[in-house]
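The residues making up each chain are set out below.
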Amino acid sequence: MKLGTKLTLFNTLSKLVIVVLFVLLLPALIRDINTKYTDNWLRNQKDKVLKLVQGPGINNYIKNGEGYGSYNALLKEEYISMDIDSANEKIDTIGNEPRLVEGDTIQYRILSHTFKVGKQNYLLEIGKSVRTINETATPLQNIAFEILLGMVFLTILADQFYSTYVLRPLGRIIKTKLIALKFPTHTPYRKVHTSTSDFEYLDISIHKMIMTIESAFQKEREFISNASHELMTPISILQSKIENMFGSEEINDDVKERLVEMQRILNRLKSITKTLLLISQIENEQFLKEDTVEVAALIQEVYDEISIRLQEKNITCTIDVPEDWSLTRVNKFLLFNLFFNLINNAAKYNKEGGEINITGRMENKLCVVDVADTGIGISAEQLPQIFNRFKKFTRSLLQESFGLGLPIVKSIAEFHKIKIEVSSEEGIGSTFKLIFPAEIMGK
Amino acid sequence: MNVLIVEDEKALTVEMELFLTGNNYICETCFDGQSASEKIATNLYDFILIDLGLPDYEGLDLLKEAKRYNPEAACIILTARAEVTDRIKGLDLGADDYLPKPFSLLELQSRMQAIIRRKFGLKNSVVVLGEFVIDLTNRTVSHGDAVVNNITKKEFDLVAYMLLHKNRTLTRSQLSEHIWGSVVNDDYDSNYIDAHIKNIRKKLNAYGPPDWLETVRGLGYRINTNN
């Protein structure tokens, strides 16, 4: 998941949690505030009443032992009562209790208080109906909830806006420096503008790393290219000398046989050098892609070139590639060598009387050519390494080769953006699948 | 045939001169671009072999001079710098052929022969070998009135190459290089020359004995002609 998405998700979720918490707590909170407010009010009322009834004042309310009571006649929201208290205990409490007022049972918040005037104990009760206390709770809650929602929405918006803004350079670094990266790179360094120092550091570090990798690649390519070129001249001199000696009549056949041997070994050196040079030239993109090639004809050409090797091992080769498939903007010489090495390998590691099947087919709207053999196969642990240079496997120790056939194939395929997939089963055979990119298919 | 060899590697120049002189070419050599430039401006040659990697001179400039002062000469570029663009530039500037180092001297001679055939028209492009007639122009082998029609391209190339270097033993490496030279693959020793020769003999034997095609034990093959 992208960082931006994660941040947005987290922001929204955390705010949602806050909203839920608030909604759950709000009624209790408001009830608590209301209760406290009411209790205060009740106590104030009590103090007022107590002031009024100090001394003889009590007789204004209680006459002949009859209690005093008063309430709002219609709505019965509040009431006050005073009476002589026969039980001689001290009470000073506030609590919710029901009272029967004119036939209605109403829940009140009631302050009960006992006090003495003279020798007489009195009980004072001041009540406020619970309904009126809670009357304001719902609108209060609603308003608080609306304000909260508005704030949450605003902060989410602000967070989203800011995180998008702050993360934009990161996105640009990923898009331009990492995703589009391909070696060798030819694009010059372009600074990603950001005020975040971390991103600045990241950008410059990635750039430095790319430069390091690039220069290592460059050095390797240059080295291989220079070394191969430098080797060509001495090999050329040796080859000419051997040829001239071999052609000379003064030299007897024993020596000539050794010259033939030398020539063979020199050929081996030449072959390795030429192959390395070819790979480095491909990697340095020195080949033009200007040819148009008919796939079936090209494979037939390779087959003609290679048929003598197939005959030697009695290998049957079938080619079933649509006649109308053609490739444009490719290098014919390289593609020839790609197929040559693939088919040559299929023959080399095949068994006596084996088969090679070359099939062209469509897969996911792309042209695919399979080169399948009935050879010795490649083990699962060797499979990831078969394209590595000079990687020799037990299977190739029997053969006179130096392990550059598949690296050539790989370099040429990469140069043309052809994808290669290999599947193999030991003892049964291997299949090399070439997937051609749509842009070079000319049909 | 007058040949100018422009090559700064003396050891290689010596071998090329030795080989070409042995094949009846008259050779002059120079080891740097300056003296080559003077020679090109004053003398006339049939062939100019130019190494592109001269220390003091841009090889392609030398090629331009050769085209100006020696328009009749065939120019062959020899180079260790097998850059693809060099090859295209060289051929664009009018080089007749391009031979990347390392090359076989036999290959050099064969390229020169091919140029001669192209430029001047080879007089005897039909060669009689025993009971067979080889037509190098039409690339056919015939026996009496019958044409040996199942000879493949590769097989004919082999016969033609041996014929060009007739009475000379060619090693399997030399033959291999000629017919597989443009293929880059990782077999350093697989030699299918024997298989090819076997096939050629089998096909020709159906018509008559190809006794002119000799296997030289331990060394290679040769085509013997009487003349």
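The structure under discussion appears in the preceding block.
A.B. asks: Give a description of the overall build of chain A that names residues and reports values.
C.D. replies: When helices and strands are tallied, chain A shows nine helices and twelve strands. In chain A, which comprises 443 residues, the proportion classed as buried is 26%. Sequence separation of 24 or more characterises 68% of the internal contacts of chain A that already satisfy a separation of 6 or more.

A.B. asks: Lay out the sheet that holds strand 9 (residues 146-147) of chain B in plain terms, naming residues and giving numbers.
C.D. replies: Taken in spatial order, the four strands make up an open sheet running 6-7-8-9 (chain B), and their pairing is antiparallel. Lying at the two open borders of the sheet, with one neighbouring strand each, are strand 6 (126-129) and strand 9 of chain B.

A.B. asks: Could you give an account of the interface of chain A and chain B, with specific residues and numbers?
C.D. replies: Taken residue by residue, the interface counts 47 residues in chain A and 35 residues in chain B. Put simply, the parts of the chain that give the side of chain A that touches chain B at least two residues each are helix 4 (197-247), helix 5 (253-283), helix 6 (295-313), helix 7 (332-348) and helix 9 (405-415) of chain A. Ranked by residues supplied to the side of chain A that touches chain B, first place goes to helix 5 of chain A with 15 residues. Considered class by class, the residues forming the side of chain A that touches chain B number 14 nonpolar, 20 polar and 13 charged.

A.B. asks: Quick one: what's the story with the sheet that holds strand 12 (residues 220-223) of chain B, residue by residue and with numbers?
C.D. replies: Adjacent strands of a sheet form backbone hydrogen bonds with each other and so pair up, either parallel or antiparallel. Residue and element names in this part refer to chain B. Strand order in this open sheet of three strands is 10-12-11, and the pairing throughout is antiparallel. Edge positions in the sheet fall to strand 10 (170-171) and strand 11 (213-216), since each has one partner strand and no second. As paired strands, strand 10 and strand 12 are joined by two bridges and run antiparallel to one another. Bridge pairing in strand 12 places threonine 171 opposite glycine 220.

A.B. asks: Any details on helix 8 (residues 193-205) of chain B? Residues and values, ideally.
C.D. replies: Along its 13 residues, helix 8 of chain B runs 18 Å from first to last C-alpha, staying within 8% of the 18 Å computed at 1.5 Å per residue. All buried positions along helix 8 of chain B are accounted for by Ile193(B), His196(B), Ile197(B), Ile200(B) and Leu204(B). The arc enclosing the buried residues of helix 8 of chain B, seen along the axis, measures out at 95 degrees, which places them on a common side. Away from its buried face by more than 90 degrees, helix 8 of chain B exposes Lys198(B), Lys202(B) and Asn205(B). Where the residues of helix 8 of chain B are buried, they touch helix 6 of chain A together with strand 7 (132-135), helix 6 (153-164), helix 7 (172-180) and strand 12 of chain B.

The rules we used
- Residues numbered from 1 in each chain as written.
- Chains lettered and ligands numbered in written order.
- Predicted model: local features only at pLDDT ≥ 70, side-chain atom pairs only at ≥ 80, totals over all residues.
- Helix = DSSP H or I, 4+ residues; strand = E, 2+ residues; numbered from the N terminus.
- Buried ≥ 20, exposed ≤ 12 C-beta atoms within 10 Å, placed from the backbone.
- Contact = placed C-beta atoms within 7 Å.
- Pairing = 2+ DSSP bridges.
- Nonpolar A, V, L, I, M, F, W, Y, C, P; charged D, E, K, R; others polar.
- Expected span 1.5 Å × (residues − 1).
- Arc of directions from axis to C-beta.

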